[in-house]
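Each chain, letter by letter, is given below.
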Amino acid sequence: IQLKLVAVNAPYFKNADLLIAADCVPFSYADFHSDFLKNKKILIGCPKLDDVNFYKNKLTEILKMNEIKSISIIHMEVPCCFGLNYAVAEAIQDSGKKIPLKETVISIQGNKKYEK
């Protein structure tokens, strides 16, 4: 599930609803599994500790090589987590595909802050 480690042509990406999560979210949001994982394929990473441009390039390849039905991003409200938004938005654009995108932000108190 680590974005840095998954194969871009992994069979579980076929017709997937993809969830891309900051790796701290499941520890901060108690109902992460029941609220977000159902029927999703998950990728996790930390935009503060990892290379966001690597994420963008890897996601672009995943999107180009697979039929992804939708993407959901979930991250914390802290500034460094918004790097996931950049990586995903750029990857979608660079893939040349139109993929529905949903964002959920979790507060530092561990509550859902907003969705869009």
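Just above, that's the structure.
Quick look at the structure, then.

Calculation criteria
Residues numbered from 1 in each chain as written. Predicted model: local features only at pLDDT ≥ 70, side-chain atom pairs only at ≥ 80, totals over all residues. Heavy atoms only, no water. Salt bridge = Lys/Arg side-chain N within 4 Å of Asp/Glu carboxyl O. Buried < 20%, exposed > 50% of the residue type's maximum accessible area, 1.4 Å probe, protein only. Core = buried A, V, L, I, M, F, W, Y, C linked by side-chain atoms within 4.5 Å. Helix = DSSP H or I, 4+ residues; strand = E, 2+ residues; numbered from the N terminus. Pairing = 2+ DSSP bridges. Axes fitted to C-alpha atoms, helices over the stretch in contact; angles between N-to-C directions. Contact = heavy atoms within 4.5 Å.

Quick word on the pattern of salt bridges
Across all of its chains, the model carries eight salt bridges by this definition. The closest approach of N and O atoms between glutamate 115 and lysine 112, which form a salt bridge, is 3.7 Å. The partly exposed category is assigned to lysine 112, whose relative accessible area is 39%. One salt-bridge network, in which partners are shared between bridges, spans Lys102, Lys112 and Glu115.

Here's the deal with the nonpolar core
Counting 36 residues, the largest nonpolar core has Phe32, Leu43, Leu59 and Ile71 as its most contacted members. Residue contributions to this core peak at six residues, all from strand 1 (residues 16-22).

Considering the sheet that holds strand 3 (residues 68-76)
Within the open sheet, the five strands sit side by side as 2-1-3-4-5. Their pairing is mixed. Two strands lie at the open edges of the sheet, namely strand 2 (41-45) and strand 5 (112-115), each paired on one side alone. On average, each strand axis in the sheet is inclined to that of its neighbour by 20°, with strand direction left out of account. Strand direction decides the pairing type here: strand 3 and strand 4 (residues 101-106), joined by six bridges, are parallel. Within strand 4, the residue paired with isoleucine 71 across the bridge is leucine 101. The sheet strands contacting helix 3 (residues 52-65) are strand 1, strand 2 and strand 3, and the helix crosses strand 2 at an angle near 165°.

These figures come from the coordinates and say nothing about function on their own.
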